[in-house]
Every structure is written in structure tokens, then in C-alpha cells.
Amino acid sequence: MNEYTLPILFGVIIGTLARSIMLKTDYRQYPTYLHGKVIHLALGFIAAGLGAVAVPAIMEKEFTAITFLTIAASQFREVRNMERNTLSELDSYELVPRGNTYIEGIAVAFESRNYLVIFTSLLTTAFYLIWNIWASLGVTVICYLIIRKFMSGSTLGEIVDITYKGIHFEGAGLYIDNIYIMNIGLPQRQKEIEKYGMGFILTPKNFDVRSTIANLGQRQAILHDVSVTMGVFRDSGTPALVPLIKRDLDDGRIGVFILPQDKDIDKAKRVIGAVPVLENAIRMPSESKANRKGSESK
Amino acid sequence: MNIEKAILSVITTNNQKITGGAPIFVCDTKEEMDNVAANLEAILDGISHALSDELYIIVKH
């Protein structure tokens, strides 16, 4: 035992706890229960250790020790690759795939959460060493609030209006409202689709949202989440029964065609509203300089 | 070049309208055409699209 043992231990414990808070397995069941979780808790523990040891190293004037943080960075970039590879491999076996944009979003979240753990344990150990355990506990609470903020991205319900619209056929063409979805030739398939299909129109609340929901990755994420939560009337070898989203080119609305096993309209609306807005799909045309100049000259 | 979509077969009741290319199945009635198309859809793992009442194509997506 020396003067650094307790602060380092405290930092490691808080960091590992932070990782376990961020490791919520929700309806997506990812990371997979137990084994997947063990991997990430272990990595979180390593990250916490790295963060906690950095401060005493500096205090002992071992400045070169800080370079091991760069090793940590490359280590956690590997985590991102690992998650991306696993999920991409598994994606081809999903009835409704996640899509690359969604996978990239998940992988980035895994990497960034390890950095959050490093910062948390670095700060808690530093505060413990400089002041005392109470200051350290105070900064723990602040870190917790920051982590909560990072964990809650925006959801689709905040940026679009969701309305239920039945589906209908015009000849062989399947339509939701006035949005053409696809051509279904067989009368038998058309009957199945009329029986099981549901249509929703998502209307963007402002101009920025238009390009976000037009993103193919974002659309695939909607279909995947709805299919996971509501079930999907589909099997391998029935390519005609495929949930699809098409766009109205005139006003940027999108028509969501789904084949749920649970035909509950309110629930479907809630599920679509709760789909995360993917970081990689967000566009802000209103932030463009060209746009701002245009508004000045008016 | 990677071809993403291809017409796997054509089913029709009017052989005047189609020639060449993909395998063509000529049927006598609309019912027969529906049956053949449903079977081919399952076998070929494609989607049958109707171009008109007398012409279906099976497309691999």
C-alpha cells in the first residue's frame, strides 16, 4: 500500500462502474447477453486502469508514461473494428438487416464509451489525489451526468410527424398515400400484403430533417428496429415480402411499408418514434454558409 | 461490372409480345400464369412483377 493505491483503486472502480452503466442491453440484444458483456466489461476495466494510472505517473514526473494513452487509443480503435466486423458478418443472416450506417453508429459508440471511461477514471483519481475523496465523489456525479447526456441521442419522434396511412394497390403497384413502393405481380402475394402490411407516412418537421430521413442507412435502421420489435411477416425465399421505405421526391416525406406480426397501430407509431437518429445520417443544410448568406441578402 | 438486378424468366399468355433473352414460359390462361409465376418466384428466389395482365417477369433483386 502506498499513497496512490486507494486513489487508483477508486478510479478503476468508478471507471468500471461507468462502463457497466453504459452497457445497457435493450431490445436490440446487443452486446449479446453474458459473453458479449464480459468482453466489454473487461475492456472497460482496462480502460479504467489506464485512466487511473495516468495521474500518479505525472505526479511522479514520469511524463513518458503518458504515451501509453496512445496505445490505449489504438487498442480501442480495434474495438470499433471488432464490433463492425462482427455485426457486418451477422447482418447477412438477419431477415431485415441493420444496414452499414447503423452498424457504424454502434461501433463508434463502443469506441467512444471506452474513452469516456478513461476520462472518468482519470478525473476521479486526479481529484482524489489533489483534494480528497469527497471532491472525487463530486466529480463522479458530474461524470455520470455527462455520460447520461452522451447516451441519449435524439429519436425519430422528435424530428418527424408520424401518421398511419393504409396501403393500396393500383394495378400491380403498391402505394402508401401517393408514394409508390414496389410492383407486386402475383394476386396471391397482393392479398398477403393487403392482409399483413401497414403503411406510415413520416413528414419531416423542417428542411434539415429531409436529408436525414432520406439517408438510406437511416431508413434501413427504421425497418430493422420496427421488424425486431413488432415481428416481421417474412422468411428466406419470399423476397416479395420485404419491408421498404420510399421517398416522395416532391416534399421529402417518406412512406414506410412494414409487415409486422403484431398489427397495433399505436405501438408501431411509438416504435418508429423511438428509432434512434443515426449520427452518421444527420445533415444540417441550414448551417451551411451559402444558406446564411442567402438569408442576409433578402 | 456487378449486375445487381436481372430478369430471371418471363411468364406470358401472349407469346406475340415477347422474344429472346430470358427463359420464357407461355401459358394458356391467367390462372396457369399465376401458378407458374408463384412457383418460379419461390424456386428462383426472385420477385414476380406484373408489366401487364398478360406478362409477368421474375426479377432477382
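Residues numbered from 1 in each chain as written. Chains lettered and ligands numbered in written order. Predicted model: local features only at pLDDT ≥ 70, side-chain atom pairs only at ≥ 80, totals over all residues. Heavy atoms only, no water.

Under an unreviewed UniProt entry, the name given to chain A is YIEGIA family protein, and the source organism is Aquibacillus rhizosphaerae.

**Thoughts on the overall build of chain A**
For the record, the criterion: Starting at the N terminus, helices and strands are each numbered in turn, a helix being any DSSP run of H or I of at least four residues and a strand any DSSP run of E of at least two. Here the radius of gyration uses the C-alpha set of atoms, whereas the globule reference equals 2.2 Å times the residue count to the power 0.38. Here the term buried applies to any residue with accessible area under 20% of the maximum for its type, exposed to any over 50%, and partly exposed to those in between, with areas from a 1.4 Å probe on protein chains only. To be clear on the numbers: accessible area is Shrake-Rupley with a 1.4 Å probe, and residue cover counts the displayed protein chains and nothing else. Under the convention used here, Asp and Glu are negative, Lys and Arg are positive, and both His and the chain ends fall outside the count. Where a charge lies is defined by one atom per residue type, namely NZ (Lys), CZ (Arg), CG (Asp) and CD (Glu).
Looking only at helices and strands, chain A features 10 helices and 7 strands. The globule rule puts the C-alpha radius of gyration for 298 residues at 19 Å, and the 24 Å found for chain A is more than 25% above it. In terms of principal-axis extent, the alpha carbons of chain A reach across some 80 × 55 × 30 Å. Counting all 298 residues of chain A, 45% fall into the buried class. In the structure as shown, chain A presents an accessible area of about 15600 Å², 59% of it carried by carbon and sulfur atoms. Once the 32 positive and 29 negative side-chain charges of chain A are each reduced to a mean point, those two points are 3 Å apart.

**Some points on the environment of G157 of chain A**
Residues and elements named next belong to chain A. To keep it simple, the criterion reads: Should any heavy atoms of two residues lie within 4.5 Å, those residues are counted as being in contact.
Secondary-structure assignment places G157 in the loop between α5 (133-151) and β1 (160-165). Remark: the alpha-carbon pair of G157 and V277, spanning 120 residues in sequence, is separated by 9.2 Å. Discounting chain neighbours no more than four positions away, the residues touching G157 are K205 and G273.

**Section: the interface of chain A and chain B**
Formally: When two parts are brought into contact, each loses some accessible area as probed by a 1.4 Å sphere; the total of that loss over both is the buried area. Any carboxyl oxygen of Asp or Glu within 4 Å of a side-chain nitrogen of Lys or Arg constitutes a salt bridge here. N or O atoms within 3.5 Å of each other form a polar contact, as long as, within protein, one can give a hydrogen and the other can take it, and as long as residues adjacent in sequence are counted only when both atoms are side-chain atoms. For this classification, the nonpolar set comprises Ala, Val, Leu, Ile, Met, Phe, Trp, Tyr, Cys and Pro, the charged set comprises Asp, Glu, Lys and Arg, and every other residue, Gly included, is treated as polar.
Residue-level contacts link 12 residues of chain A with 13 residues of chain B. Between chain A and chain B the total buried area reaches about 950 Å² when both faces are included, carbon and sulfur atoms providing 56% of it. Three residues, N183, L186 and P239 of chain A, lead the burial of chain A against chain B; their summed loss comes to 49% of the area buried on that side. When the shortest N-O distance is used, the salt bridge between R189 of chain A and E41 of chain B registers 2.6 Å. Scanning the region where chain A abuts chain B turns up 5 residue pairs in polar contact (both at pLDDT 80 or more). The element contributing the most residues to the side of chain A that touches chain B is helix α6 (residues 187-196) of chain A, with 3 residues. Residue composition of the side of chain A that touches chain B, by class: 6 nonpolar, 5 polar and 1 charged.

**A short note on the UniProt feature "transmembrane region" (unreviewed entry) in chain A**
Residues and elements named next belong to chain A. Test applied: UniProt positions are given in the numbering used here, feature names are shortened, and annotations may be inferred rather than shown by experiment.
The feature "transmembrane region" (unreviewed entry), as annotated in UniProt, sits at residues 6-26, 38-59 and 126-147 in this numbering. In residues 38-59, the share of helix is 100% and the share of strand is 0%. The end C-alpha atoms are 33 Å apart. Secondary structure across residues 126-147 divides into 91% helix and 0% strand, with the first and last C-alpha atoms of the span separated by 18 Å.

**Quick look at the pairing of strand β4 (residues 55-60) of chain B**
Residues and elements named next belong to chain B. Just so we agree on the cut-off: Any two strands are treated as partners once DSSP identifies two or more bridges connecting them.
Counting buried positions over the 6 residues of β4 gives 5, a clear majority of the element. Pairing geometry for strand β1 (residues 6-12) and β4, over 6 bridges, is antiparallel. Following the sheet pairing, S9 is matched in β4 by I58. In sequence, strand β3 (residues 47-52) turns back onto β4 through a hairpin of 2 residues.

**What about the packing of aromatic side chains?**
Basically, it comes down to this: Paired rings are identified among Phe, Tyr and Trp, the last through its six-membered ring, by centres lying within 6.5 Å, and are further divided according to the angle between planes into stacked (under 30 degrees), edge-to-face (over 60) and tilted (the rest).
Within the structure shown, the criterion is met by 6 aromatic pairs over all chains. On the numbers, 5.5 Å between centres and 65° between planes, the contact of Y175 of chain A with Y180 of chain A is edge-to-face.

**Looking at the nonpolar core**
Residues and elements named next belong to chain A. The following threshold applies: Throughout, nonpolar core names a set of buried Ala, Val, Leu, Ile, Met, Phe, Trp, Tyr and Cys residues whose side chains join them through atoms within 4.5 Å.
Core analysis: the largest hydrophobic core is formed by 26 residues, its most contacted members being F76, I106 and F110. Listing elements by their share of this core, those giving two or more residues are α1 (5-22), α2 (35-59), α3 (68-91) and α4 (100-130). For this core, the leading source of residues is α4, giving 7 residues. Setting aside chain neighbours within four positions, we find F76 in contact with L43, A47, E111, N114, Y115 and I118. Counting 24 residues, the second largest nonpolar core, distinct from the first, contains I162, M198, V209 and I254.

**Comments concerning the pairing of β3 of chain B**
Summarising the sheet, β3 of chain B and β4 of chain B pair through 5 bridges and their orientation is antiparallel. In the sheet register, I47 of chain B faces β4 of chain B, and the bridge partner there is V59 of chain B.

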